Amino acid sequence: MGMILGMAQAFNCIAQKLRACSALLVLVAAILCGAAGITLVLGGAAPAWAQQRAGVGQVVRDIQVEGGQRIEVSTIQSYITLKPGDIYSDDQADKSLKALFATGLFSDVNMRMQNGVLQVRVTENPLINRVVFEGIRRVQDDTLRRELSLKPRQVYTRAKVQADTQRIQQVYRRTGRFAATVEPKVIQLPQNRVDLVFEINEGSITGISRIRFIGNRAFSDPRLREVIQTKESVWWRFLTSDDNYDPDRVTFDREKLRRFYLSKGYADFRVVNAVAELQTSRESFFLTFTVEEGERYRVGGIKVASEIKGVEGASLNPFLRIASGEIYNADLVEKTVQDMTTELGRLGYAFVEVRPEVNKDRDKRLIDITFAIGESPRVYVERIDVVGNVRTLDKVIRREFRLVEGDAFNAAKLRRTRTRVNGLGFFDKVNISENKGSAPDKVVLTADVTEKSTGELSFGVGYSTTDSVLGDVSVRERNLLGRGQDLRVGFTLSARRQQADLSFTEPYFLDRELAAGFDLQRRRSDYTRRSGYTQTTTMGALRAGFPITEYLSETTFYRLRHDEIDDVESNQSRFIKQEEGGTVTSSVGHILTYDRRDDKIEPTSGYILRLNQEVAGLGGTERYIRNVGQAAHYFPVADEVVLSVGGEGGVLYDFGERLRISDRFFLGGDSFRGFATGGVGPRETQNSKALGGRYYYKSDVELTFPLGLPSDFGIKGRLFSEAGALWQSGETGNDVLDSKAVRVSIGTGVSWKSPFGLIRVDLGYPLRKEEFDETEVFRVNFGSRF
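How each quantity is defined
Residues numbered from 1 in each chain as written. Predicted model: local features only at pLDDT ≥ 70, side-chain atom pairs only at ≥ 80, totals over all residues. Heavy atoms only, no water. Axes fitted to C-alpha atoms, helices over the stretch in contact; angles between N-to-C directions. Helix = DSSP H or I, 4+ residues; strand = E, 2+ residues; numbered from the N terminus. Parallel < 35°, antiparallel > 145°, perpendicular 65-115°, else oblique. Contact = heavy atoms within 4.5 Å. Nonpolar A, V, L, I, M, F, W, Y, C, P; charged D, E, K, R; others polar. Expected span 1.5 Å × (residues − 1). Buried < 20%, exposed > 50% of the residue type's maximum accessible area, 1.4 Å probe, protein only. Arc of directions from axis to C-beta. Pairing = 2+ DSSP bridges. Polar contact = N/O pair within 3.5 Å; in protein donor to acceptor, adjacent residues only side chain to side chain. Salt bridge = Lys/Arg side-chain N within 4 Å of Asp/Glu carboxyl O. Phe/Tyr/Trp six-rings, centres within 6.5 Å; stacked < 30°, edge-to-face > 60°. Lys NZ or Arg CZ within 6 Å of the ring centre and 35° of its normal. pLDDT = per-residue confidence, 0-100.

Caption draft 1: Structural view of the packing of helix H9 (residues 330–346) against helix H11 (residues 411–423). With their axes 6 Å apart at the nearest point, H9 and H11 run at an angle of 100° to one another. Here H11 runs roughly perpendicular to H9, going by the angle between their axes. Contacts between H9 and H11 involve Thr342, Gly345 and Arg346 from the former and Ala411, Ala412 and Arg415 from the latter. Looking at the contact of H9 with H11, its residues break down into two nonpolar, two polar and two charged.

Listed below in structure tokens is the structure:
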């Protein structure tokens, strides 16, 4: 009996524990289902999970949907994997719940099986009425909206709001504002709609408080700070963003450090890491570069190995930029590869590959270099394709090619072609690619161009020391009818000059390399300050230009000009008074130009020589011969640093007749900085007016350099020195001041490609001058076209 009672007590204890476990399971199931958006409905004494289990195995006779407002019942049913006639199972119910939540249309879904009917109750996500940004000042509203995935009339979900919040923060981080905070808020509206509001605190720009380097021995921290683009924040860097933290810029800095050390012989150098620590104030970063310099290497042996038949490796030795015993320099190795590739391209090997093979001897700290030239056939131009041109005729582009179908490929001629097509000024982008042809020895050249607008209706305003405040309006089409023709009509109005002109140029007259055109001009200029009179000029000209060689060109012209000088005051000297009246000049001339500059607008290397000669006397009242020679050479000193040396001179011969002042040379102002317009040369004593001269020369040296600001700003500085003289006006008497003595000036200046046009400011100081010369320390020119 005692044994039976003991067993009964044991079974009773087990039953109590089972009931406790059952309650615990119910609680856990309720928590899990609540997290998944599933509501357990308790009915009577049986828990919901027991009811759901009771439905397992039943056939789904019908599906009932409740809670839908905007979404059709049929649409909701289409997302449910269970269909009428299916056998209900926990697995299928789970898939149906996940499918409904995956649509992003619902914030809550309840599902249960009762008497063969699958009951689904949904709570729809609200619809976004509008998206609003509050607190933005530094970023445009449209910029933020382009980043958002949520738009008005779309379904609101928390996941998308969180993703959009992160996108907005990324926008501000790209602008250097890492302290920016974004807080999304929802305003409930009727009909299950919401307004989504992003409250933004932009914060201040996050700068760089300090940059330091760990592991550097050969170069100091200040020297390495000069190498990288990221800079420490200081007040005078307000025009640049280099002192703002930018992860992409830091990645670029790692590459700049690597290239710097490789150029100094540290072939094993590497950047271990670059760590940016945001200060607790979130106002600036502390940037640390950890580097391993390694050992410094010198160049051991150098060899050029060629697999091309007929091309000996030794023949390319003159293109070596580096020699044995020198400090290893990866930049010079790369330039050597480029020079060799260019030379081989000039010989017709378009697809040649030059590989520098480097062998390090770490014990001796030497690097042997072999420039391996792979086997490549000499290729010929099979075809030239032109793509991307919509308006410009194919022949306008093709006639600039220095290569034609059937020619042996020549890389130098291809570069010249690219320069000529770019020089047309019709395209934003010009890319001439070399593609393999139908055979290994054939190449297809493809000119891919992106056209830009060539028509201009422009209005301009500006100021110059010579013309004072000025304005102009012009209509120009540089690619008339897509034929490359240039037509321009312009008007200029200033305090001292009024001008109207018309010009037309056909660059390939009669389909030949003959640029023919004409010019018409009417100009009234006030020279009262310079020479004491006003001049009105009416001029017409015919011109024709043609190339003699690739770099030598000739332009000939005929010019007919009528000049009227008036408004001569009664107190002017006899020299000025005798200028009053009209003259007619009929002249022919030519301009011979030899141009080897790399760019016609902003040259950095090369030189130009020009001879301009004009003979007047083919009818008209004036007779003279004018000769002007000019030369300039440009030297790249360093990256974006250019030294230019130039000179010019002129001689006027008469035919025993007096030369009028308007036909003489003048120096000063833009032509001789440090001196006023017409400030150098002969002058009458009565009113100190410039008389001009028959002979002049001038030389100049100028160094152009960046000012450490982003290249996008277009700001450059310059240092200059000029020397020259102007003499012999042809006038005689004690009331004429004249001297052949050389004048010298030095100065500095700044040029800025501003949104208002090119602004040039020069400060010139005359080191050597004559007492009667007029000087000018400050000179400014600027203008804008819009």
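Caption draft 2: Focus on helix H6 (residues 158–174). In this model H6 runs 25 Å from its N-terminal to its C-terminal C-alpha over 17 residues, within 8% of the 24 Å that 1.5 Å per residue would give. Residues of H6 that are buried: Val161, Asp164, Thr165, Ile168, Val171 and Tyr172. Down the axis of H6, the buried set is contained in an arc of 115°. They therefore lie on one face. The exposed set on the far side of H6, more than 90 degrees from its buried face, consists of Ala159, Gln162, Gln166 and Arg174. The inward-facing, buried residues of H6 contact strand E4 (127–134), helix H5 (141–147), strand E5 (181–189) and strand E6 (193–201). Immediately downstream of H6, the backbone of Gly176 shows phi near 85°, a positive value.

Caption draft 3: Highlighting the sheet that holds strand E13 (residues 380–387). Strand order across the open sheet formed by three strands is E13-E15-E14, with mixed pairing between neighbours. A strand with exactly one partner marks an edge of an open sheet, and here the two such strands are E13 and strand E14 (427–436). Each strand axis lies, on average, 15° off the axis of its neighbour in the sheet, ignoring direction. Note: E14 against strand E15 (residues 442–451), nine bridges, orientation antiparallel. What sits directly across from Asn431, in E15, is Asp448. Packing of H11 onto the sheet brings it into contact with E14 and E15, and relative to E14 it is tilted by some 155°.

Caption draft 4: Region of interest: the sheet that holds strand E3 (residues 117–124). Strand order across the open sheet formed by three strands is E1-E3-E2, with mixed pairing between neighbours. This sheet does not close on itself; its edge strands, each paired only once, are strand E1 (62–66) and strand E2 (106–114). On average, adjacent strands in this sheet sit at an angle of 15° to one another, irrespective of strand direction. Pairing between E1 and E3: five bridges, direction parallel. By the bridge assignment for E3, Gln64 is matched with Gln119. Contacts from helix H4 (residues 90–102) reach E2 and E3, with the element oriented near 155° to E2.

Caption draft 5: Geometry of the environment of Leu611. Relative to the helices and strands, Leu611 is located in strand E24 (residues 606–620). It is 5.9 Å that separates the C-alpha atoms of Leu611 and Val628, two residues lying 17 residues apart in sequence. For Leu611, the contacting residues outside a window of four places in its chain are His590, Ile591, Leu592 and Val628.

Caption draft 6: Structural detail: H11. Here H11 spans 18 Å end to end across 13 residues, near enough to the 18 Å set by a 1.5 Å rise per residue. Along H11, the residues that are buried comprise Ala411, Leu414, Thr417, Arg420 and Val421. If you check the start of H11, you find a side-chain oxygen 2.9 Å away from the backbone N of Ala412, and it comes from Asn410. Positive backbone phi, at 75°, marks Gly425, one or two positions downstream of H11.

Caption draft 7: Representation of the pattern of salt bridges in the model. The final tally for this structure, using the stated rule, is 55 salt bridges. A salt bridge links Glu232 to Arg225; the shortest N-O distance between them is 3.3 Å. On the basis of relative accessibility, which here comes to 23%, the residue Glu232 falls in the partly exposed class. Judged by its relative accessible area of 23%, Arg225 falls in the partly exposed class. Between Arg561 and Asp563 there is a salt bridge, and its shortest N-O distance comes to 2.6 Å.

Caption draft 8: Fine view of the packing of aromatic side chains. Per the counting criterion, the structure on display carries 18 aromatic pairs. For the pair Phe219 and Tyr266, a centre-to-centre distance of 6.2 Å together with 70° between the ring planes defines the contact as edge-to-face. You can see Phe219 sitting in the loop between strand E7 (207–214) and helix H7 (221–227) and its partner Tyr266 sitting in the loop between helix H8 (247–263) and strand E8 (270–278), a full 47 residues away along the chain. Tyr266 sits in the buried class, given a relative accessible area of 10%. Cluster of aromatic residues (ring-pair linked, three or more members): Phe219, Phe260, Tyr261, Tyr266 and Phe269. One Lys or Arg, Arg596, reaches over the ring of Tyr551 and ends 3.8 Å from the middle of that ring. A cation sits over an aromatic face here: Arg673 above Phe720, 3.9 Å from the ring centre.

Caption draft 9: Spotlight on the confidence of the model for the protein chain. Per-residue confidence for the protein chain gives a mean pLDDT of 84; residues scoring 70 or more make up 88%. Here residues 462–467 scores under 50 on pLDDT; set against residues more than four positions off or in separate chains, the count is 26 contacts.

Caption draft 10: Focus on the packing of H8 against H9. Here H8 crosses H9 at 90°, and the two axes come no closer than 6 Å. The angle between H8 and H9 falls in the class roughly perpendicular. In contact with Arg259, Leu262 and Ser263 of H8, H9 contributes Ala330, Asp331 and Glu334. Across the contact of H8 with H9, the residue classes break down as two nonpolar, one polar and three charged.

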